[in-house]
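Breakdown of the fold
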Amino acid sequence: MTQYIIRRLLYSLPLLMGVNILTFVLFFVVNSPGDMARMQLGQKHVTEQSIANWKQQHGYDVPLLWNSDAQGEKKITDTIFYQKSVGLFLFRFGVSDSGRNIGADIKERAWPSLAVALPTLIVGLLVNICFALLMVLFRNSYLEHAGIVLCVILMSISSLFYIIGGQFFIGKILRLVPISGYDDGMAAIKFLILPVLIGVFSGIGSGARWYRTLFLEEVEKDYVRTARAKGLSETQTLFQHVLPNAMIPILTGVVVVLPLLFMGSLIMESFFSIPGLGSYTIDAINSQDFAIVRAMVFLGSVLYVIGLLLTDISYTLVDPRVRLS
Amino acid sequence: MTLLLMSSLLSMKMQTCKARVLVLMLSVIFWAASYSCAAWASAQPNNPYPEDEDKQVILYESFSERPKHMDPAVAYSSNEYAFIAQIYEPPFQYHYLKRPYQVVPLTATRMPEVIYLNQKGDKLEQGANDNDIAFTDYMIEIQHGIRYQPHPALATNTQGDYEYHQLSTAQIKAATSLNDFNITGSRELTAEDYVYQIKRLAHPKIQSPIAEIMKNYIVGFDNFSRQVKDKPKTAIRNLPIAGVTALSRYQYRIRIKGKYPQFIYWLAMPFFSPMPWEADVFYDQAGLADKNITLDWFPIGTGPYLMAENNPNRRMILLKNPLFHLETYPTEGEPEDKQKGLLTDAGKQLPFIDKVVFMLEKETIPYWTKFLQGYYDASGIASDSFDQAIQFTGSGGVALTPTLLEKGIQLQTSVTTSSFYMGFNMLDATVGGATEQARKLRQAIAIAVDYEEFISIFMNGRGVAAQGVLPPGIYGFAESKEGINPYIYDWLDGKAQRKKIDAARQLMAEAGYAGGIDPKTKEALILYFDTTATSVDDRPRMNWYRKQFEKLGIKLVIRATDYNRFQEKMRTGNAQLFVWGWNADYPDPENFFFLLYGANSKVQYGGENAANYHNPEFDRLFEQMRNMDNSEQRYRIIQQLQEIARHDAPWIFGFHPKNFALFHSWYKNLKPNLMANNQLKYTRIDTAARAEKRQQWNEPVFWPLVLGGVVFVLMLIPAVNAYRRRVKETKR
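Conventions adopted
- Residues numbered from 1 in each chain as written.
- Chains lettered and ligands numbered in written order.
- Predicted model: local features only at pLDDT ≥ 70, side-chain atom pairs only at ≥ 80, totals over all residues.
- Helix = DSSP H or I, 4+ residues; strand = E, 2+ residues; numbered from the N terminus.
- Buried ≥ 20, exposed ≤ 12 C-beta atoms within 10 Å, placed from the backbone.
- Contact = placed C-beta atoms within 7 Å.
- Domains from an automatic or database assignment.
- Nonpolar A, V, L, I, M, F, W, Y, C, P; charged D, E, K, R; others polar.
- Pairing = 2+ DSSP bridges.
- Axes fitted to C-alpha atoms, helices over the stretch in contact; angles between N-to-C directions.
- Expected span 1.5 Å × (residues − 1).
- UniProt positions renumbered as here; feature names shortened; annotations may be inferred.
- Core = buried A, V, L, I, M, F, W, Y, C linked by C-beta atoms within 7 Å.
- Parallel < 35°, antiparallel > 145°, perpendicular 65-115°, else oblique.

**Side note on the overall build of chain B**
The helix and strand tally for chain B stands at 23 helices and 27 strands. Its C-alpha atoms put chain B at 110 × 85 × 55 Å along the principal axes. Out of the 732 residues in chain B, the part that is buried amounts to 41%. Partitioning the intrachain contacts of chain B with sequence separation of at least 6 by distance along the chain shows that 70% fall at a separation of at least 24.

Below you can see the structure in the form of structure tokens.
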């Protein structure tokens, strides 16, 4: 398995390089370093000299991909692409175009993102599984039909509506929790209740329906019939036999998103003023801060690769028949 | 919980047992809910701040965009000034209450002594001919005994050596924030610190946005800039700059080229605040920047507040500077200020507030709700909440809605010192140029584009239609009939009335475009409007513009593009029509008329004259006016400039936005001051009233939760019955 992991990690290098090149090309097709300088310097009293100074200070005064004026390997190394990209592979994200250290910002902002995403994932998983099991338990009854209709309704509503509706009803009308904000340590809990609740609730529709499908597939299998024939109750059958077997696709689905939990939620963080990485990325795009955009895209790719690798490994853990080679 | 509930319900065997368990569970839920309600009701569960802050003198404000810079040499945006203007102190400031805006000493002992010099450096008499003045000296004397806020950069040990100027790798590694450097120190403010800051403005590595402007004024600025180009920031301390000299510990001189009366306004901006050299030495140590510990994020000033927490991702906190020098609330103001209670605190020591908390709030809905709940002390009015806050009275005025009045909220309105206009590219073959035909076309369009309607539809009435280049509040702005644009408006029934569209059509005919038909193509004249308005939300505005042009038979083509492409078009002169705006740097007409000065043409010189307007007579008058002190003669020249701009119509004068701000009843000493950014020190909060109102407005409502819980449990009963039936059937 170690060999497999090493091989997969090596495969990811050209992939990450490709993502990096693509981000670079897409960004600079739209923006020139001069555009970025103007964006950062504001609208007043911006002269060509101040733009030249900005570019020189931020390392954007060399060619993008190929420096024909340089000699030897400097034709490649004295370029914006090389100077801005190599550090990424060592997780040195550098300084943002507005002057802040990106690595320090990422470290600081990853935790609030995780503080929202992790409880949302765990609570959501429990609620969705329970709801799905209930639907399976009462399959072919009016309760199951009502459950499916409810799921479809919940799926049809925009997540924005849940956020605004939740803030209005729980934060404004009932006044039970702060409508937005964040704090350190345990003081963060009261700020997390509402976004987690909304995150869980907005995911019930799709999540429960997906798990219901998995459980229904399982309950038709022979071992379930055998369990029933042995005289186990329906509850025992579901919880002791169906649930563990259905956990394989559930677990692998969850493991793949685990690393990405650090990346945060764009809308949720913005509405609840949670200082996470989701809002960091959005702000960077809006202010055309290429250094941050590049770092976040790279980080997202790395985490996704790790997620896929973890998924493969988790297969072997939950299903002994699977062997990585 | 759900799993437990479900399995316990499903394992019930007997009817009586089921009833008992149900009753038990409902009782537990009820008592748990009641207990929670009782515990929460005593406090305010929706309070986003720690409870112990309730009685403290803390002002709560918000910010929607994180400030980029806190270095006074670099910061230039209003969202940055909201912080640094409370921390740094330039030698001068604007009087808080007096109008028109008046510059008064802040750290200076008095207004600067202004000395005019000829080319040889000989002193000239006051009132000397402008042409004879080669240089102007500003002699500034600062107060004794002003001290910097406590800061690690100024901390010294018993030997008098700086504690943190030579940090070890371990110390840097251990630090995560400025607060990790426990020892702080202070020292007296000196004239040398002001000189040092001006040198910083000149250093290319600092990238001050006003460096290029100051090269034109401060003697030796440009040379110094070139001299230090490749030197580290810390090297500038011992290098002299020709035009700026510390004459003594408390006096310094700035020598500028020629005469530039507006320079005094620059001296009231944070750019010219003092900076101790120790700050650069401390922050420039390798490794600190990697932890975002930089001068750009952790200021060091002499002002009423110091930055205690700088987390632009979440919260910024200002604390009262314990070493703040004696400054008192103004004892004079406008005649009606006393009646309004604005002089109640006259003579009292500033500041009144101990702590200011700025919370990051990106979305308007939570921001507005928190304001209504009393968790923000002040608020702007977003378009989403405008109808909830404002109603129009029968006479066309504005008033607060009954809900807000009931809460005792105060409304403050003020016309900003900004101008928004639709510009014509004067280099364009169709709409530009000085020909009679083009001028009449521009005037016709100016009549047709009804900005009163625009303000009403798109700005909820929050604006004033512009009559000329100057906004209200700037010297030279004329009121009533004298101040209207006679080419666009008539003075009827005591107010300005936009001319009828027939007048515009007549002008179109005279321009050779009768009925909007272009004689060259025999079809409707096509004009191009370049804009950055690309979103769906902008579509109604763009359609509105199209309709305004359709009144004249002109077909308006909207060329929406992103900001960078738009800027490029403007730089290269490829735009035809565009919308632009300007916010005053300082309250002087020069800061607006220079937007039409030929030598500032954007295409030719990269300046701020986006319309590329050039009129020799206008330029001559502008050059004459810009160096004059305010006087009757200057006023007359300003009116001449207005007349030329109105006649030539390089702009369609759009509007001056009106600020609407809301403040709770406990917010005191409120007076809009569009020039001063350091108003926080004058603000006072009645904390007892705030605590009482917050308690009153934020009582939690629990019964829907309890009801929901009960309904949920009741809904489980038929489910359990159904399950039990199924189990029985299976067994059979």
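**Describing the domain arrangement of chain B**
All names here are of chain B. Domain annotation of chain B identifies domain 1 (2–45 + 701–731), domain 2 (89–291) and domain 3 (418–659). Using only C-alpha atoms to locate each centre, domain 2 and domain 3 end up separated by 39 Å. Each partner contributes to the interface: domain 2 provides eight residues, whereas domain 3 provides seven residues. For the side of domain 2 that touches domain 3, a count of residues per class yields five nonpolar, one polar and two charged.

**Some points on the sheet that holds strand 9 (residues 305–311) of chain B**
All names here are of chain B. In spatial order, the strands read 1-11-10-9; together these four strands make up an open sheet with mixed pairing. Among the strands making up the open sheet, the edge pair consists of strand 1 (58–63) and strand 9. On average, adjacent strands in this sheet sit at an angle of 15 degrees to one another, irrespective of strand direction. Here six bridges tie strand 1 to strand 11 (residues 355–360), and the two strands are oriented parallel to one another. Looking at the pairing, tyrosine 60 lines up with valine 357 of strand 11. Packing of helix 3 (residues 78–87) onto the sheet brings it into contact with strand 1, strand 9 and strand 10 (315–320), and relative to strand 9 it is tilted by some 140 degrees.

**Details of helix 5 (residues 191–202) of chain B**
Residues and elements named next belong to chain B. An ideal rise of 1.5 Å per residue puts 16 Å on 12 residues; helix 5 measures up with 18 Å between its terminal C-alpha atoms. Regarding helix 5, the residues found buried are Ala191, Asp193, Tyr194, Val195, Tyr196, Gln197, Ile198, Lys199, Arg200, Leu201 and Ala202. The elements touched by buried residues of helix 5 are helix 6 (211–214), helix 7 (221–227), strand 7 (244–246), strand 8 (251–257) and helix 9 (277–283).

**Re the UniProt feature "transmembrane region" (unreviewed entry) in chain A**
Residues and elements named next belong to chain A. Per the UniProt entry, the sites bearing "transmembrane region" (unreviewed entry) are residues 9–30, 116–138, 145–165, 185–204, 248–272 and 292–318 in this numbering. Between the first and last C-alpha atoms of residues 145–165 the distance is 26 Å; the span itself is 90% helix and 0% strand. Segment residues 248–272 splits into 64% helix and 0% strand. End C-alpha atoms: 34 Å apart.

**Looking at the interface of chain A and chain B**
Accessible area lost on assembly of the parts is the figure often given for the size of an interface. Every contact between the two is made by 48 residues of chain A and, on the other side, 50 residues of chain B. Broken down by secondary-structure element, the contributors of at least two residues to the side of chain A that touches chain B are helix 2 (33–41), helix 3 (48–57), helix 6 (102–137), helix 8 (159–173), helix 11 (234–257) and helix 12 (266–271) of chain A. When grouped by side-chain class, the residues that make up the side of chain A that touches chain B number 18 nonpolar, 20 polar and 10 charged.

**Quick word on the UniProt feature "transmembrane region" (unreviewed entry) in chain B**
Here the UniProt feature "transmembrane region" (unreviewed entry) sits at residues 701–723 of chain B. Helix makes up 91% of residues 701–723 of chain B and strand 0%, with an end-to-end C-alpha separation of 35 Å.

**Quick word on the environment of serine 665 of chain B**
All names here are of chain B. Within the fold, serine 665 resides in the loop between strand 25 (651–663) and strand 26 (667–668). What makes serine 665 partly exposed here is the crowd of 13 C-beta atoms within 10 Å. As for serine 665 and isoleucine 365, which are separated by 300 residues in sequence, their C-alpha atoms are 22 Å apart. Once residues lying within four places of it in the same chain are set aside, the contact partners of serine 665 are Gly408, Ile409, Gln410 and Ala689.

**Re unusual backbone geometry**
All names here are of chain B. The residue after arginine 99, namely proline 100, is reached through a cis peptide bond having omega -5 degrees. Positionally, proline 100 belongs in the loop between strand 2 (92–94) and strand 3 (103–105). With omega at -5 degrees, the peptide bond leading from leucine 350 into proline 351 counts as cis. Along the chain, proline 351 turns up in the loop between strand 10 and strand 11. A positive phi angle, close to 60 degrees, is found at glutamine 207, a residue other than glycine. Looking at the element boundaries, glutamine 207 is found in the loop between helix 5 and helix 6. Glutamine 207 gets classed as buried once you count the C-beta atoms within 10 Å, which come to 21. The backbone of asparagine 292 sits at a positive phi, close to 60 degrees, despite the residue not being glycine. For asparagine 292, a count of 25 C-beta atoms within 10 Å gives the class buried.

**Side note on the pairing of strand 4 (residues 113–117) of chain B**
Residues and elements named next belong to chain B. Bridge count between strand 4 and strand 6 (residues 135–141): five bridges; the pairing is antiparallel. Looking at strand 6, one finds that tyrosine 116 is bridged to threonine 136. Summarising the sheet, strand 4 and strand 5 (residues 123–124) pair through two bridges and their orientation is antiparallel. Within the sheet, the bridge partner assigned to leucine 117 lies in strand 5 and is lysine 123. The antiparallel hairpin formed by strand 4 and strand 5 contains five residues in its connecting segment, where glycine 121 sits at a positive phi of about 95 degrees.

**Considerations on the UniProt feature "domain: ABC transmembrane type-1" (unreviewed entry) in chain A**
On the UniProt side, "domain: ABC transmembrane type-1" (unreviewed entry) is annotated at positions that read residues 110–314 of chain A here. Secondary structure across residues 110–314 of chain A comprises 79% helix and 0% strand; the distance between its end C-alpha atoms is 24 Å.

**A look at the nonpolar core**
Residues and elements named next belong to chain B. Membership of the largest hydrophobic core comes to 104 residues, with the highest contact counts inside it found for Ile198, Leu201 and Val356. Considering every element that reaches this core, the biggest residue donor is helix 5, with seven residues. Once residues lying within four places of it in the same chain are set aside, the contact partners of isoleucine 198 are Ile218, Ile241 and Val244.

**Some points on the packing of helix 6 of chain A against helix 13 (residues 277–286) of chain A**
All names here are of chain A. One way to put it is that helix 6 packs onto helix 13 with a least axis distance of 8 Å and a crossing angle of 130 degrees. Viewed along their axes, helix 6 and helix 13 adopt a mutual orientation that is oblique. Here Asp105, Ile106, Arg109, Ala110 and Ser113 of helix 6 come into contact with helix 13, specifically with Leu277, Gly278 and Tyr280.

**So, the sheet that holds strand 5 of chain B**
All names here are of chain B. With antiparallel pairing, the five strands of this open sheet are ordered in space as 5-4-6-8-7. Looking at which strands have only one partner, the edges of the open sheet turn out to be strand 5 and strand 7. Lying over the sheet, helix 5 contacts strand 7 and strand 8, oriented at roughly 160 degrees with respect to strand 7.

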